[in-house]
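Structural features, examined
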Amino acid sequence: MNGKWKIFGVLVAFWVSVLNSGAVAVDTREIDVCCHKAVLEDGDLQVIDKFVADTVDELVKTVDFTSITKIRTVISSRSSSSKDSAKAQYEEQFSESARKYISNALEAAKTLTPAEYRFKIILNLFILADSLEAPRLADLAMKWLDDEDSAIRYWAVHSVTNPGVTAKLNSGGAANLELAGKITEQLKKVVESSSPETLALIAGFAAQVAIPEGEDLLLQIADMRIKRYESWKVEYELLDGDILRLLDSKIPAESTSKPEVARRFGQLYSYAIQRYVKGRDVLSDTQKSQLASVLVETEMSYISKRLKVTQSVVKNAVEQGDFKALLQEHDRLLGDETRAGQLPLKLNFDYGKNPDGSRRTAPLVLPEPPKELTPSASAKSKTSTDN
């Protein structure tokens, strides 16, 4: 099973199991009392610790997926106090206990056999960590960001990039900012090897985390996608609609201070248009459909907003299959060798330097499709196979 469908299968199994119920053996009476106490004593902290230990242990030992989901719900629903006066103390103990017992369980799971059992246990531990939205658990996940299993990588990334964790990292404090930086640095190391599904998580985090390194991470992702376009190895073009949206969100309304972000926006959008035109005879219907969605949505939602006019030229050209009109609009919006485009003029950016040191007014030109993608090459390959 390839990575994309494995992740999809795990998500389906997860949500199907949520709709079912299962018996849970852990006694919740004492923890339920603690959840509603206005003041916690030492004995209450011990109750929290024991509850987390027992439920994590049961999760690891349970083989029925439906029951595992029920256990995760039992744990996460009791991760916070209902009383404001006890919330900070309660959550600190809960997250510290979760960190300790989930860490122990992950270490123990490394040696489990068969592989399917190891996979299920580790996956469920990360889905549990994700549901708790506790920054304190981030260091556990960061050790698994490059795991050989695509689904485990996905949920490890998910658990450190989910909006709940990001909001807490952004809430201030030296410790949170330091942790945000560590997470960002670790994510930078896995950008090149990440699937489109995982890249979408990383890009969302990069745009939302309130540290300068987050923007650097987003630019790294944009650069990687730009290079994939150049080599004709880009996968899942719809992702670039999200990346363009996130890049746009980082550009001020009247930008004079974000030329690096705006440059990536212009170049990535240019390559999407050029791929749509140059790839019309070699791309699959799915690829062309995804590119068309990116081109039209970007024009309607972001180009129109930036230029403060209702844009529909790209949309009309795509709908009519008018590639000449599409390229003309590309040049008008983004620029060509003779003049800057409307968007670079509005956002005050260019595309770097020419060999003579002058500023480039045109986006880079996408190379032609490689020979192995051309219809003649495909036909020749098919003839060779038939023979």
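Residues numbered from 1 in each chain as written. Predicted model: local features only at pLDDT ≥ 70, side-chain atom pairs only at ≥ 80, totals over all residues. Heavy atoms only, no water.

1. Considering the overall build of the chain
Here is the rule: Numbered from the N terminus, helices here are DSSP runs of H or I no shorter than four residues, and strands are runs of E no shorter than two. Two residues qualify as a contact provided that any one of their heavy atoms is within 4.5 Å of a heavy atom in the partner residue. Here, Shrake-Rupley sampling with a 1.4 Å probe gives the accessible areas, and only protein chains in the shown set may cover a residue.
Tallying secondary structure elements over the chain gives 19 helices and zero strands in all. At a minimum sequence separation of 6, the contacts of the chain that also span at least 24 residues come to 68%. For the chain, the accessible area works out to roughly 18800 Å², and carbon and sulfur atoms hold 52% of it.

2. A closer look at unusual backbone geometry
Counted only if it meets this: Summary of the burial criterion: residues with accessible area below 20% of their type's maximum are buried, those above 50% are exposed, and those between are partly exposed, where the area comes from a 1.4 Å probe applied to protein chains only.
Note the cis peptide between Thr113 and Pro114, where omega equals 0 degrees. Relative to the elements of secondary structure, Pro114 occurs in the loop between helix H5 (84–109) and helix H6 (115–132). In this structure, Tyr236 is a non-glycine residue whose phi angle is positive, near 55 degrees. Tracing the chain through its elements places Tyr236 in the loop between helix H12 (212–230) and helix H13 (238–249). Non-glycine residue Lys308 carries a positive phi angle of around 60 degrees. Looking at the secondary structure, you find Lys308 in the loop between helix H15 (285–307) and helix H16 (313–320). Given the relative accessible area of 61%, Lys308 is considered exposed.

3. Section: the pattern of salt bridges
Defined as follows: For this document, the term salt bridge refers to a Lys or Arg side-chain nitrogen within 4 Å of an Asp or Glu carboxyl oxygen.
Inspection of the entire model under this criterion finds 29 salt bridges. Its salt-bridge partner being Arg136, residue Glu96 comes within 2.9 Å of it at the nearest N-O pair. Within this pair, whereas Glu96 is found in helix H5, its partner Arg136 is found in the loop between H6 and helix H7 (138–142), the two being separated by 40 residues in sequence. Relative accessible area serves as the criterion here: at 33%, Arg136 is assigned to the partly exposed category. The shortest N-O distance in the salt bridge between Glu329 and Arg332 comes to 2.9 Å. With Glu329 and Arg332 both in helix H17 (residues 323–334) and three residues apart, the pair spans about one turn of that helix. One network of salt bridges, with partners in common, ties together Asp223, Glu260, Arg263, Arg264, Asp350 and Arg359.

4. Quick look at the environment of His36
The criterion, for reference: Here a polar contact means two N or O atoms within 3.5 Å. Within protein one must be a hydrogen donor candidate and the other an acceptor candidate, and residues neighboring in sequence count only if both atoms are side-chain atoms.
Looking at the secondary structure, you find His36 in the loop between helix H2 (29–35) and helix H3 (42–61). The class of His36 is exposed, set by a relative accessible area of 52%. Taking the C-alpha atoms as reference points, His36 and Ser82, separated by 46 residues in sequence, lie 5.5 Å from one another. Beyond its immediate stretch of four places on either side in the chain, His36 contacts Ser82 and Lys83. Among the polar contacts made by the side chain of His36, one reaches the side chain of Ser82 at a distance of 2.8 Å.

5. Points about the packing of aromatic side chains
How two aromatic rings sit relative to each other is set out by the distance from centre to centre and by the angle between their planes. What counts here: Pairing of aromatic side chains here covers Phe, Tyr and the six-membered ring of Trp, requires ring centres within 6.5 Å, and sorts the geometry by plane angle: under 30 degrees stacked, over 60 edge-to-face, intermediate tilted. Here, a charge over a ring means that NZ of Lys or CZ of Arg falls within 6 Å of the ring centre while also lying within 35 degrees of the ring normal.
Tallied over the full model, the rule gives eight aromatic pairs. Ring centres of Phe126 and Trp144 lie 5.8 Å apart, and the angle between their planes is 70 degrees; on these two criteria the pair is classed as edge-to-face. Within this pair, whereas Phe126 is found in helix H6, its partner Trp144 is found in the loop between H7 and helix H8 (150–161), the two being separated by 18 residues in sequence. Residue Trp144 is classed as buried on the basis of its relative accessible area, which comes to 6%. Here a set of aromatic residues connected by ring pairs shows up, and it is made of Phe51, Tyr90 and Phe94. Across the ring face of Phe323, the terminal group of Arg280 is positioned such that the distance to the ring centre comes to 4.7 Å.

6. A look at the side chain of Thr184
The residue Thr184 is located in helix H10 (residues 174–188) in this model. Side-chain polar atoms of Thr184 contact the backbone oxygen of Ala180, separated by 2.8 Å.

7. Concerning H6
Worth spelling out the cut-off: Here the expected span of a helix is defined as 1.5 Å times the quantity of residues minus one.
Between its terminal C-alpha atoms H6 stretches 26 Å, which fits the 26 Å expected from 18 residues at 1.5 Å a residue. Most of H6 is tucked away: 14 of the 18 residues are buried. Glu133 occupies a position one or two residues after H6 and carries a positive phi of about 50 degrees.

8. Digging into the environment of Ala25
Turning to its location among the elements, Ala25 is positioned in the loop between helix H1 (3–18) and H2. For the pair Ala25 and Glu58, spaced 33 residues apart in sequence, the C-alpha to C-alpha distance is 8.0 Å.

9. Digging into the packing of H12 against helix H14 (residues 259–278)
Keep this limit in mind: Each axis is a line fitted through C-alpha atoms, and for a helix only the stretch in contact is used; angles between axes span 0 to 180 degrees, taken between their N-to-C directions. Each angle receives one of four descriptions, namely roughly parallel if under 35 degrees, roughly antiparallel if over 145, roughly perpendicular if within 65 to 115, and oblique otherwise. The crossing is said to be left-handed when, going from far helix to near helix, the turn is anticlockwise and less than a right angle, and right-handed when the turn is clockwise. The nonpolar class holds Ala, Val, Leu, Ile, Met, Phe, Trp, Tyr, Cys and Pro. Asp, Glu, Lys and Arg form the charged class, and all remaining residues, Gly among them, are polar.
Running from N to C, H12 and H14 point in directions that differ by 25 degrees, and their axes come no closer than 10 Å. Looking at the two axes, H12 sits roughly parallel to H14. Considering how the two elements wind past one another, H12 and H14 form a crossing that is left-handed. Between H12, through Glu215, Leu219, Ala222, Asp223, Arg225, Ile226, Tyr229 and Glu230, and H14, the contact on the second element is made entirely by Glu260, Val261, Arg264, Gln267, Leu268, Tyr271, Ala272 and Arg275. Along the lines of polarity and charge, the residues of the contact of H12 with H14 split into eight nonpolar, one polar and seven charged.

10. Overview of the side chain of Lys120
Mapped onto the secondary structure, Lys120 falls in helix H6. The class of Lys120 is buried, set by a relative accessible area of 18%. Ignoring anything within four residues of it in the chain, the contact list for Lys120 reads Thr62, Val63, Phe65 and Ile68.

11. Quick word on helix H11 (residues 196–208)
With 13 residues, H11 should reach 18 Å at 1.5 Å per residue; the first-to-last C-alpha distance of 18 Å fits that figure. Listed in full, the buried residues belonging to H11 are Pro196, Thr198, Leu199, Leu201, Ile202, Ala203, Phe205, Ala206 and Ala207.

12. Re the packing of H11 against H13
Interaxial distance between H11 and H13 falls to 10 Å at its minimum, and their mutual angle equals 5 degrees. Relative to H13, the element H11 lies roughly parallel. Counting all contacts with H11, which are made through Pro196, Leu199, Ala200, Ala203, Gly204 and Ala207, the residues of H13 involved are Leu239, Leu246 and Ser249. For the contact of H11 with H13, the class distribution of residues is seven nonpolar, two polar and no charged.

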